[in-house]
Amino acid sequence: MLATEMRSSTLYCAAVDLGATSGRVILGAWSRNRLKLTEVHRFPNAFRSLGSHDYWEVGSLWNEARVGLAKAAAALPRGARLASVGVDTWGVDSALVNDAGRLVFPVHAYRDGRTQAGLAHLAGTRAALERVYEATGIPNVFYNTSLQLAETVASCPAIGDLATRCLFLPDYFNYLLSGRMENEISIASTSQLLDVHSKGWSRPTLDHFHIPPQWFSPPILSGTRLGRLKVAGLDAPQLSRTEVIAVPGHDTACAYDAMPAAPDGSDLYISSGTWSLVGCEAAGPILGPEALAARIANERMGDGRYRPLKNVIGLWLLEGVIRDFSARPRSDREWAALIAAAAKRPTPAALLDVADPAFANPPSMKAAIDAQLKRRKLPLPGNLVAYTRLICDSLGRGHADAKAAFERMTGRVFKRILIVGGGSRNGLLCQATADAAGIPVVSFTLEGTAVGNIASQLISLRAVKDIATFRSHLGGNLNQKLYKPRKG
Ligand code: LFR
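Note that the structure is predicted; figures quoted are calculated from it, not measured. (Residues numbered from 1 in each chain as written. Predicted model: local features only at pLDDT ≥ 70, side-chain atom pairs only at ≥ 80, totals over all residues.)

Q: Can you lay out the sheet that holds strand β3 (residues 34-44) for me, pointing to particular residues and giving the numbers?
A: Spatial strand order, β3-β2-β1-β6-β10-β9: 6 strands in an open sheet with mixed pairing. The open sheet has two free edges, formed respectively by β3 and β9 (224-228), since each of these has just one partner strand. Along the sheet, successive strands turn relative to each other by an average axial angle of 25°, direction set aside. In the sheet, β9 pairs with strand β10 (residues 243-246) via 4 bridges, with the strands oriented antiparallel. Within the sheet, the bridge partner assigned to G227 lies in β10 and is V244. Of the strands in this sheet, β1 (11-18), β2 (22-31), β3 and β6 (84-89) touch helix α2 (residues 58-75), which is tilted by about 140° from β3. (Pairing = 2+ DSSP bridges. Helix = DSSP H or I, 4+ residues; strand = E, 2+ residues; numbered from the N terminus. Axes fitted to C-alpha atoms, helices over the stretch in contact; angles between N-to-C directions. Contact = placed C-beta atoms within 7 Å.)

And the structure:
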């Protein structure tokens with residue numbers, strides 16, 4: 001047993017966890033192998049349009065992170081200190097900076113339409129598409145950093161002189177907190193620029209997209225200590241010795257780390273939020289024509305191991321459709337009522353094709369759904385309850401298809417599906433997934449992203465040995481719900 005585990009003293013860590021639709025700062029208290037979480041700050045997030053492009057408001061996000069850290073310090077018991085802080089965010093988006101750390105290009109949001117031409121071009125060039133997939137293990141998706149940076153270089157050729165570093169968003173926030181510029185491996189692996197067989201960058205892929213290789217440094221592994229927290233205005237005594245630790249910068253990597261999984265690899269994971277990330281951990285990448293066709297993304301864990309996953313569109317569909325209804329749910333209770341009403345409706349006769357590219361960033365999600373149904377000569381849902389039912393059942397089918405693809409390609413047989421994230425509270429979605437996949441779904445009411453973020457800090461601080469040990473401690477302390485598959 002490790003020294004810190006023997007002492008009864010509590011270790012405090014903060015997770016800055018930024019999602020595309022909301023962000024939070026969570027204070028974790030680790031004592032006697034139990035983690036207690038307190039959400040000290042939560043705020044909405046959204047990208048904004050300026051002219052014909054979409055951007056993140058990074059200044060506002062940074063301000064919210066600072067407010068959250070001040071609240072975390074204030075929430076500590078008298079005499080306690082914050083040992084460390086870690087940042088995770090959604091994938092792929094990046095900040096271009098110069099040596100002084102100044103932003104030299106606006107931070108675009110990944111749903112910006114600027115990558116459409118590059119996406120179509122790569123899709124239409126079979127040899128290049130296959131070469132890039134075999135080199136990086138990442139399929140051709142509209143949000144890839146590769147396509148985004150290629151568009152930046154093409155539309156603003158002077159950027160090659162202005163920018164000296166490309167920092168992914170968690171890297172950029174780590175820099176603002178600590179003064180150190182690094183590229184962490186899990187977030188780097190979302191870019192379609194990392195070499196799938198090593199822990200370095202793929203030079204042929206950088207060259208293919210005309211991206212300056214000097215913008216990146218060799219990726220660091222999660223757990224790397226970046227130095228003391230150094231932020232003007234954040235000078236509470238509780239923060240005077242706080243370490244900034246590079247956790248898995250990708251929120252999905254954090255969520256996967258938090259899965260209370262069986263050690264034998266028989267669980268399939270879903271991190272369910274704006275996106276549904278369906279995947280597993282694997283000893284090596286899954287490549288080849290079938291993996292490319294199934295759009296398997298061979299992303300990395302914070303220690304460089306593989307977590308192949310399939311990105312299913314997720315609750316973005318439901319978040320989008322409710323905006324088109326004035327009588328939409330506004331509280332947890334109203335959400336629960338909507339889901340309960342939808343669960344009572346009959347199973348829809350036909351499901352949505354959730355891979356429809358029209359769902360990526362439509363002006364109206366309801367109109368995009370209606371257009372697909374009309375094209376397929378299917379009836380339109382009459383109200384929000386019926387849309388909710390259709391969406392949840394269609395996502396359940398999407399999850400099951402991803403499970404089948406993984407089983408085919410790996411030869412593994414999954415016994416359970418574990419769900420964490422916002423969708424774990426959606427009983428209709430969990431049941432639809434179990435029914436379509438034919439295996440039990442276990443949902444955990446768990447802020448998986450924040451838990452994985454804090455787990456990485458605890459391991460770096462040597463309070464916990466490794467992820468397997470953390471999971472075994474966590475498993476016993478969780479609220480879980482089992483959904484058994486029903487025969488269709
Ligand atoms: C989820 C997520 C997904 C990634 C998508 C876009 O928050 O990180 O894993 O594919 O956002 O970056």
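After presenting the structure, the write-up continues.
Q: Lay out the confidence of the model for the protein with the relevant residues and their values.
A: Across the protein, the average pLDDT comes to 95, with 98% of residues at or above 70. Every residue in residues 1-8 scores below 50 in pLDDT, and together they form 11 contacts with partners more than four places removed in sequence or on other chains. (pLDDT = per-residue confidence, 0-100.)

Q: A description of the packing of helix α15 (residues 384-410) against helix α16 (residues 427-437) should follow, citing residues and the corresponding values.
A: At a minimum axis distance of 8 Å, the contact between α15 and α16 shows a crossing angle of 45°. By the angle between their directions, the pair α15 and α16 is classed as oblique. The hand of the α15/α16 crossing is right-handed. Contacts from C392, D393, L395, G396, R397, H399, A400 and K403 of α15 reach α16 at L428, L429, A432, T433, D435, A436 and A437. (Parallel < 35°, antiparallel > 145°, perpendicular 65-115°, else oblique. Left-handed = near helix turned anticlockwise from the far one by under 90°.)

Q: So what's going on with the site of the ligand? Residues and values would help.
A: Lining the immediate surroundings of the ligand are 13 residues, of which W90, G91, V92, T252 and W275 lie closest. Classifying every residue of the shell around the ligand by side-chain character gives 7 nonpolar, 5 polar and 1 charged. Each of domain 1 (3-246) and domain 2 (259-445) gives at least three residues to the shell around the ligand. (Near = placed C-beta within 6 Å. Nonpolar A, V, L, I, M, F, W, Y, C, P; charged D, E, K, R; others polar. Domains from an automatic or database assignment.)

Q: Before we move on, could you go through unusual backbone geometry and cite the residues and values that matter?
A: Of note, the phi angle at R32 is positive, near 45°, even though the residue is not glycine. Residue class for R32 comes out exposed when judged on the 11 C-beta atoms lying within 10 Å of it. The residue K377 is not glycine, and still its phi comes out positive at about 55°. (Buried ≥ 20, exposed ≤ 12 C-beta atoms within 10 Å, placed from the backbone.)

Q: So what's going on with the nonpolar core? Residues and values would help.
A: Counting residues in hydrophobic clusters, the biggest one holds 135 residues, and the most contacted among them are A14, V16, L418, A455 and L458. A domain-level breakdown of this core finds at least three residues from each of domain 1 (3-246) and domain 2 (259-445). Residue contacts for V16: discarding those within four places in its chain leaves V25, A65, G68, V85, V87 and F173. Residues V132, Y133, A135 and V196 belong to the second largest nonpolar core, which totals 5 residues. (Core = buried A, V, L, I, M, F, W, Y, C linked by C-beta atoms within 7 Å.)

Q: Quick one: what's the story with the environment of V25, residue by residue and with numbers?
A: Looking at the element boundaries, V25 is found in strand β2. Using a count of 28 C-beta atoms within 10 Å as the deciding quantity, one classes V25 as buried. Distance in space between the C-alpha atoms of V25 and A341 is 33 Å, their sequence separation being 316 residues. Sequence-distant contacts of V25, that is, excluding residues within four places in its chain, are made with A14, V16, V40, H41, A65, G68, L69, K71 and A72.

Q: I'd love a proper account of helix α4 (residues 126-136), names of residues and values included.
A: Because an α-helix packs 3.6 residues into every turn, residues spaced three or four apart end up facing the same way. All of the buried residues in α4 are V132, Y133, A135 and T136. What you see down the axis of α4 is that its buried residues fit within an arc of 165°, all on one side. In this structure, α4 carries R126 and A127 as exposed residues pointing more than 90 degrees from its buried face. Residues of α4 that are buried in the fold lie against α3 (116-123), α9 (203-208) and α11 (289-293). Phi turns positive one or two residues past the end of α4, at G137, with a value near 70°. (Arc of directions from axis to C-beta.)

Q: I'd like to hear about the domain arrangement of the protein, residue by residue, with values.
A: As far as domains go, the protein holds domain 1 (3-246) and domain 2 (259-445). Between domain 1 and domain 2, the C-alpha centre-to-centre distance is 25 Å. Listed by partner, the interface residues are 20 residues for domain 1 and 17 residues for domain 2. Listed by contribution, the elements that provide at least two residues to the side of domain 1 that touches domain 2 are α4 and α8 (185-188). Of the residues forming the side of domain 1 that touches domain 2, the biggest block, 3 residues, is contributed by α4. Taken together, the residues of the side of domain 1 that touches domain 2 break down into 8 nonpolar, 8 polar and 4 charged.

Q: So what's going on with the pairing of strand β15 (residues 416-420)? Residues and values would help.
A: Counting buried residues in β15 gives 4 out of 5 residues, a clear majority hidden from the surface. As paired elements, strand β11 (residues 267-272) and β15 share 5 bridges and run parallel to each other. When the sheet's bridge partners are listed, D267 is paired in β15 with R416. For β15 and strand β16 (residues 441-444), the ladder comprises 3 bridges, and the chain directions are parallel. Residue pairing for β16: I417 is matched across the bridge by V441. Between the parallel elements β15 and β16, the chain passes through α16 in a crossover that is right-handed. (Right-handed = clockwise from strand over helix to strand, strands pointing away.)

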